[in-house]
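# Residue-level structural notes
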Amino acid sequence: MNKQALPVPSRIPWRQRLQFRLIASYGLLVLIVLSLLMALVINAVYSVQIDQAEHDLEVKALLAANALEDPLSGYSSELEEYERRESHDGKESDDGEDSAGEEDDAGDQGLTANAPGTNGLQHLANRYAQQDGLWVTILDVRGDAIVDSRGSAAAIGNQLLTPEFQAATQLVEQHDIRTDPAGDVRYMFAAAPVQIGDNLLGVVRMAQPMSDVLAPIRGLALTLLLAGAAALALATVLGIFLARRLVRPIQRLQETALAVASGDLSQSADIDSIDEIGSLARTFDYMVSELQEMIRRQRLFIANASHELRTPLTNIKLRSEALLTLDGEDPALSKRYLHEIDSEADRLGRLAATLLDLSKIENREPPPPEAPTDIRPMLLDVARAMRMRMKDAGLTFAVSVEELLPPLSVRANEVETVVLNLLDNAVKYTPPGGSVTLRVETEQTAGRTGVAKIVVSDSGPGIPPEDLAHIFEYFYRVDPARSRLQRGEGTGAGLGLAIVKTLVEQNGGRISVSSTEKQGTAFTIAFPIPSR
Ligand code: ADP
């Protein structure tokens, strides 16, 4: 026998193990879903946060602008004064005079580039800046900084073209996020116009570092990340648990398979889950039970075959010993023993031939289906050949074969063997005066092209119900005492019907039997009629 090496489970590299693959794919899936969810949440929160911060910043700029516009505050007059000076200076052309004045006021505040007479504005800018941690700049109508909360108005370039300045002068709300070139820090900018009547006096611009704007989200992102990591860890633990549960029955099945392979057929996988693995385990258990049954039948076959062979051999041995003892003393008895030896040898020969036939039929590759053949002539030949035997046995023999019997996909010679066997049994078991019938007819079946039925019936003793289920088994014989024939008078070894059944099935047909004790037996064979 070609024995292969047993697959040993521990040799599977860990990365190839089902358990690892399941956990890895499950974990990866959870990771992807969690990341996507987190990205979506953070994105949504980011948008809301930016909108909120923009709104807040614009409101603060507006409030500051309102404060500047209030005539009672004095800021507006400072602004107007500044404007007047600027426009006056502009008319007088640049001669550097005002830069001296600038220094006077700036020195007062410790600032480097403040316009003169703008202390109030500077205080205001500083107050708003301190209050909300903002960067506040008050710009004139040309986009130049008048005061700056960081104290470097002169360092701030012209802001005329910035989106927030443009928006403020056109009285619309808009924010901008960009990097401050001076400090390489990203800011959110918003601005509001300072107006007295229709007269635009300047623009208040507020900026908040993006790190402050996004600080609340950073906390949220961290929380989400921690929650995600916890969820992933939980999912992995759950995955390990599920994978173990899934893999354990497979391991159990493998252990059982190994035990069965080493010859212990009493093992069963015994897995009662209703999933595919449970179903596989039940199929496996079914396979093992079928295997057990097959082995049991084979053992029985061998026991029966040896028994059948031993009986005639014993008979031969007894008679040959008697012959030796007689040593030619009783010629008549010696002759009788010689005849009996001859007949037992014939019986042995027949048995050997039948066993050989059976082994050939059982072990061959079933031949491919035949082209449809007309079996009517063969059936009529068989009936003709049997007529004489029926007459000798004192039986009436009725034959009816449908005239228009359609061709069948069968091997005619094998069907002939089958019909001959059944007719032979009918003759053997039906007492004289009885009748035997061979009837061949077609029958329509629902949704199919129909079947051709060959029925062999007799009016013999019938088969007891308890035997009926077994008569197609190897070596099965109904108790000979109930039959009119005694052993040796023509009964076979109980193999005829087993051969008949195998041949019928190998030709695509089915055989069934019905019998009533003391009334008779009918064997029915049905072959499907091939569609044209
Ligand atoms: P055998 O070679 O002994 O006839 P078979 O396999 O042909 O073996 O038949 C099995 C048993 O079935 C027979 O021993 C017989 O008892 C019973 N049997 C078969 N055909 C008939 C029949 N037509 N009427 C009654 N009994 C039958």
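Everything discussed here concerns the structure shown above.
Residues numbered from 1 in each chain as written. Predicted model: local features only at pLDDT ≥ 70, side-chain atom pairs only at ≥ 80, totals over all residues. Heavy atoms only, no water.

### Some remarks on the pattern of salt bridges
Put simply, the test is: Throughout this description, the term salt bridge denotes a Lys or Arg side-chain nitrogen within 4 Å of a carboxyl oxygen of Asp or Glu. Think of it this way: any DSSP run of H or I at least four residues long counts as a helix, any run of E at least two long counts as a strand, and we number them from the N terminus. With a 1.4 Å probe rolled over the protein chains alone, any residue whose accessible area is under 20% of its type maximum counts as buried; one over 50% counts as exposed, and the rest are partly exposed.
Per the counting criterion, the structure on display carries 20 salt bridges. Here glutamate 164 and arginine 178 are joined by a salt bridge, their closest N and O atoms 2.8 Å apart. Note that glutamate 164 is positioned in helix α5 (residues 163–169) and arginine 178 in strand β3 (residues 175–180), a separation of 14 residues in sequence. What makes glutamate 164 buried here is its relative accessible area of 1%. Of the charged contacts, one joins lysine 317 and glutamate 321 as a salt bridge, the two residues approaching to 3.5 Å between their closest N and O atoms. Placement of the pair is lysine 317 and glutamate 321 together in helix α8 (residues 276–326), with a separation of four residues, close to one helical turn. Accessibility expressed as a relative area gives 38% for glutamate 321, which makes it partly exposed. One continuous salt-bridge network, built from bridges that share partners, spans Glu164, Asp176, Arg178 and Arg205.

### Concerning the sheet that holds strand β1 (residues 135–140)
To keep things clear, this is the line we draw: Criterion used throughout: strands pair if DSSP finds at least two bridges between them. Angles here are taken between N-to-C directions and fall from 0 to 180 degrees, while the axes themselves are lines fitted to C-alpha atoms, restricted in helices to the stretch in contact.
With antiparallel pairing, the five strands of this open sheet are ordered in space as β2-β1-β5-β4-β3. Two strands in the sheet have a free side with no partner beyond their single neighbour: β2 (145–148) and β3. If you compare each strand with its neighbour and ignore which way they point, the axes differ by 30° on average. Judged from the six bridges that link them, β3 and strand β4 (residues 185–196) form a sheet pairing that is antiparallel. For isoleucine 177, the partnering residue across the bridge sits in β4 and is methionine 188.

### Some thoughts on the site of the ligand
The cut-off we apply is this: Note on terminology: near, applied to a residue and a molecule or strand, indicates that one of the residue's heavy atoms is within 4 Å of it. Under this definition, polar contacts are N or O atom pairs within 3.5 Å; protein pairs additionally need one hydrogen-donor-capable and one acceptor-capable atom, and for neighbouring residues in sequence, both atoms have to be side-chain atoms. Here, Shrake-Rupley sampling with a 1.4 Å probe gives the accessible areas, and only protein chains in the shown set may cover a residue. Each residue is assigned to one of three groups, with Ala, Val, Leu, Ile, Met, Phe, Trp, Tyr, Cys and Pro labelled nonpolar, Asp, Glu, Lys and Arg labelled charged, and all others, Gly among them, labelled polar.
The local shell around the ligand holds 18 residues, among which Asn425, Tyr429, Asp458, Gly494 and Leu497 are the closest. In the model, a nitrogen atom of the ligand is placed 2.8 Å from a nitrogen or oxygen of the aspartate 458 side chain. A distance of 3.3 Å separates an oxygen atom of the ligand from a polar atom in the backbone of glycine 496. In the complex, 96% of the free accessible area of the ligand, which totals 530 Å², lies under the protein chains. Secondary structure elements with two or more residues in the shell around the ligand: α11 (412–429), α13 (496–506) and β10 (520–528). The dominant element in the shell around the ligand, judged by the number of residues it contributes, is α11, at four residues. The residue inventory of the shell around the ligand, partitioned by class, reads ten nonpolar, five polar and three charged.

### Re the packing of α8 against helix α9 (residues 331–363)
To keep things clear, this is the line we draw: Throughout this description, any angle smaller than 35 degrees is read as roughly parallel, any larger than 145 degrees as roughly antiparallel, any in the 65 to 115 degree range as roughly perpendicular, and the remainder as oblique. The hand of a helix crossing depends on one turn: near helix anticlockwise from the far one by less than a right angle means left-handed, and clockwise means right-handed.
With their axes 9 Å apart at the nearest point, α8 and α9 run at an angle of 160° to one another. Compared by their axis directions, α8 and α9 come out roughly antiparallel. In this structure, α8 crosses over α9, and the sense of that crossing is left-handed. For the contact of α8 with α9, the per-class residue count stands at 18 nonpolar, four polar and five charged.

### Details of the packing of aromatic side chains
Under the convention used in this document: Here a pair means two rings of Phe, Tyr or Trp (six-membered ring of Trp) with centres within 6.5 Å. Their orientation is stacked below 30 degrees between planes, edge-to-face above 60, and tilted elsewhere.
Here the structure, examined in full by the defined rule, presents six aromatic pairs. Between tryptophan 135 and phenylalanine 189 the ring centres are 5.9 Å apart and the planes differ by 65°, which places this aromatic pair in the edge-to-face class. Of this pair, tryptophan 135 sits in strand β1 while phenylalanine 189 sits in strand β4; the two residues are 54 residues apart in sequence, bridging distant segments of the chain. A centroid spacing of 5.0 Å and a plane angle of 80° characterise the contact between phenylalanine 301 and tyrosine 474, whose relative ring orientation is edge-to-face.

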